[in-house]
Amino acid sequence: MIASLDGTVASIGADSLVLEVGGVGYRVFAAPAVLAAAEPGRRLKLHTHHLVREDLQALYGFRTVEELGF
């Protein structure tokens with residue numbers, strides 16, 4: 001399970017961003033407030049929820065542990 005990511009924002013989309021950590025780009029889905037605060041080229045740490053289903057794997061990112069728990 002991936003509990004958090006700390007890296008550089010590579011790109012930002014409508015509902016997700018790509019966070020580069022150790023040469024690997026992770027697509028992380030996030031709330032509009034998280035995406036609006038992120039800037040390409042800047043460092044960002046997100047606490048994540050790794051969803052694994054039969055037909056999908058997705059990472060959801062949150063700014064704080066409290067937001068993740070909500």
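Undergrad: Honestly, the confidence of the model for the protein chain in this entry has me stumped. Any pointers?
TA: Interpretation of the predicted coordinates at a detailed level should be avoided for regions scoring low in pLDDT. Per-residue confidence for the protein chain averages 94 on the pLDDT scale, and 100% of its residues sit at or above 70. Within the protein chain, no element has a lower average pLDDT than helix α2 (residues 65-69), which sits at 79, and none a higher one than strand β2 (residues 16-21), at 98.

Undergrad: Honestly, the side chain of H47 in this entry has me stumped. Any pointers?
TA: In this structure, H47 sits in strand β4 (residues 43-53). For H47, a relative accessible area of 18% gives the class buried. Those residues within four positions of H47 in sequence are excluded, and the remaining contacts are A3, S4, Y60, G61, F62, R63, T64, V65 and L68.

Conventions and cut-offs
- Numbers given to residues run from 1 along each chain, matching the order in which its sequence is written.
- In view of the model being predicted, local features appear only for residues whose pLDDT reaches at least 70, and side-chain atom pairs are presented and counted only at 80 or more, with totals across whole chains, interfaces and linings using the full set of residues.
- Think of the side-chain values as coming from all heavy atoms in the structure, minus any hydrogens and water.
- Per residue, pLDDT measures the predictor's confidence, with a range of 0 to 100.
- Helical segments are the DSSP runs of H or I of at least four residues, strand segments are the runs of E of at least two, and each set is numbered from the N terminus.
- Burial classification: accessible surface area is computed with a 1.4 Å probe over protein chains only, and a residue below 20% of its type maximum counts as buried, one above 50% as exposed, and the rest as partly exposed.
- Only heavy atoms enter the contact rule, under which two residues are in contact if any of them lie within 4.5 Å.

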